[in-house]
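Close look at the chain arrangement
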Protein chains: 2
Amino acid sequence: MRIHHECIACAINQCQKIVEMSLTDENSRRDAMLFSLKRASELFSKDSIPAVVGGLLFLDLYEFIGNDDPFREYKRLSNEMAEGLVGHFENSDLKTALKLAIAGNVVDFSTGYNPEKLEEDIRRVLDESLLIDHSDELFEMLKRAGTLLYLVDNCGEIYFDRLFIEKLREEFPDLKIIVAGKAGPIINDATVEDLLEAGFGEIAEVISTGSRLPGTPLDYVSEEFLEVFRSADVVIAKGQANFETLSELNDSRIFFLLKAKCPAIAREIGVPLGSLLCLNLYLR
Amino acid sequence: MRIHHECIACAINQCQKIVEMSLTDENSRRDAMLFSLKRASELFSKDSIPAVVGGLLFLDLYEFIGNDDPFREYKRLSNEMAEGLVGHFENSDLKTALKLAIAGNVVDFSTGYNPEKLEEDIRRVLDESLLIDHSDELFEMLKRAGTLLYLVDNCGEIYFDRLFIEKLREEFPDLKIIVAGKAGPIINDATVEDLLEAGFGEIAEVISTGSRLPGTPLDYVSEEFLEVFRSADVVIAKGQANFETLSELNDSRIFFLLKAKCPAIAREIGVPLGSLLCLNLYLR
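The name an unreviewed UniProt entry assigns to chain A is Damage-control phosphatase ARMT1-like metal-binding domain-containing protein, from the organism Thermococcus nautili.

Residues and elements named next belong to chain B. The 7 strands lie next to each other as 1-7-6-5-2-3-4, forming an open sheet whose pairing is mixed. Every other strand in the sheet has two partners, leaving strand 1 (132-133) and strand 4 (205-208) as the edge strands with one partner each. Here strand 5 (residues 234-238) pairs with strand 6 (residues 254-259) via 4 bridges, running parallel. Bridge pairing links I236 to F255 in strand 6. On top of the sheet, helix 5 (residues 94-103) reaches strand 1, strand 2 (147-151), strand 5, strand 6 and strand 7 (276-279); it is set at about 60° to strand 6, its chief contact. Against the sheet, helix 11 (residues 239-246) touches strand 2, strand 5, strand 6 and strand 7, its axis set at about 140° to strand 6.

Let us now look at the relation of the copies chain A and chain B. Here chain A sits on chain B after a turn of 180° about the axis and a move of 0.0 Å along it, with an RMSD of 0.0 Å. The superposition operator between the copies reduces to a two-fold rotation axis. Most of the interface of chain A is mirrored in chain B, where 100% of its interface residues again form contacts.

Another point: the sheet that holds strand 3 (residues 176-181) of chain A. Residue and element names in this part refer to chain A. If you trace the 7 strands from one edge of the open sheet to the other, you get 1-7-6-5-2-3-4, paired in mixed fashion. In this open sheet, the two edge strands, each paired with only one partner strand, are strand 1 (132-133) and strand 4 (205-208). Here 4 bridges tie strand 3 to strand 4, and the two strands are oriented parallel to one another. Within strand 4, the position partnered with A180 by the bridge is I207.

Criteria and thresholds
Residues numbered from 1 in each chain as written. Chains lettered and ligands numbered in written order. Predicted model: local features only at pLDDT ≥ 70, side-chain atom pairs only at ≥ 80, totals over all residues. Heavy atoms only, no water. Pairing = 2+ DSSP bridges. Helix = DSSP H or I, 4+ residues; strand = E, 2+ residues; numbered from the N terminus. Contact = heavy atoms within 4.5 Å. Axes fitted to C-alpha atoms, helices over the stretch in contact; angles between N-to-C directions. Least-squares fit on C-alpha atoms with pLDDT ≥ 70 in both.

The following block contains the structure:
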């Protein structure tokens, strides 16, 4: 997916949030925003993938402001809240666990989410139905699959991914499950370290994409990751950034699990804003 | 006043609103936002006056998208609503008319206002008191003044300015009142044409600042306007853009009438967000 018109203001607004979380001095904040504006104008072009140019912009801003992980506390709080909540759903069936993994995707700073409302929203999302639902096809493919590559998105959300993966293991005991996190902190994305802290080491193989960029931009990931990606039988890709970076592959193995939280994503997929999706573009 | 950190995202967000009002094709919108980003990065520096660089940016964007007045319909609606409402307040005293002129300043697109809520907000603002109130000093100065220069801000609001000016004429019958509008359309600012349509020609002398830029940037106004500005005994400057462009003069003749609608202005003046002000910086 290439940028839509909203991606530009959205990126600059996210820079402002990063700057406000990291700096208190007004002159420093102003200089950091002027830097963000200049870097954004250099990075963004009509062929840009939003998660890629946004990620490159944020990493440069992190360096400029001297803060390598502005979302540390936000992520800690998201994880804490999600971990406390996920226990209430342990008896869910496989399909409900899949919906919970999508519901967990509402925990996303980048569209202005407040972590305190997590519980309320998770329960509301569970009552909704998926607007596009290729989950039957997903489960059918997993019956015959040897390896599943699971691409996580944000902190907090990963606790619902863990529950879904536990249910997948019960349903498909012979399936090898590999979970990929980011190589280092970027906005509120889950890193390899976050995955290991959340106990993914006990239920799956945990690997790094080899990149700190949001999503799974194949031009930036490591050679090791690319090999795993190429050899997986099925790929579950969580959240908007994974959609943005993988949507053009037209790859029948990829199932996108996400809520269309911004107008650009909703327009790109052709669904109403806020739609819940378990989407295989090849099956559409 | 020079830019604060919020001015950058605010300008880009306003560009997005302009683009969405003017264009429907998604590729054209995206290109216009990329243009805005590039021009903003060229225009904004730490010494920029927000109304000046914002205005220059918007005018370049108008040219890029081929729309010289994207706010035409918004302004028409604002004027229509304000004209309908102002009649309810004709028996106000001078001080109430001054407050109404500030209340009229809530009608401002640039901070996301919806014109339908105008009436409700005007009545709420009238119940508030001015956080800084130099109106006694203003009226005292007007007793001894020969000429008042009145710098208007937005459409809609100008109908409340007209009521205030009528009350000023009753109170100070010998005062010469000159009202200045913009030379051409810029966001929802009132132009000379808007002022004449609203009947200002019958109650005052109407002149142009000689510039389309918001506020009264003395480096961009006409020589004719500068002469009027220099020779006026008292200046009433409405709204945020007039504050931004005139605040550094430290000119004892200028009274700023505004609501501090954005964090940058509130921080600059050192008042809570939303404060109503009749402010002479020299008297503070």
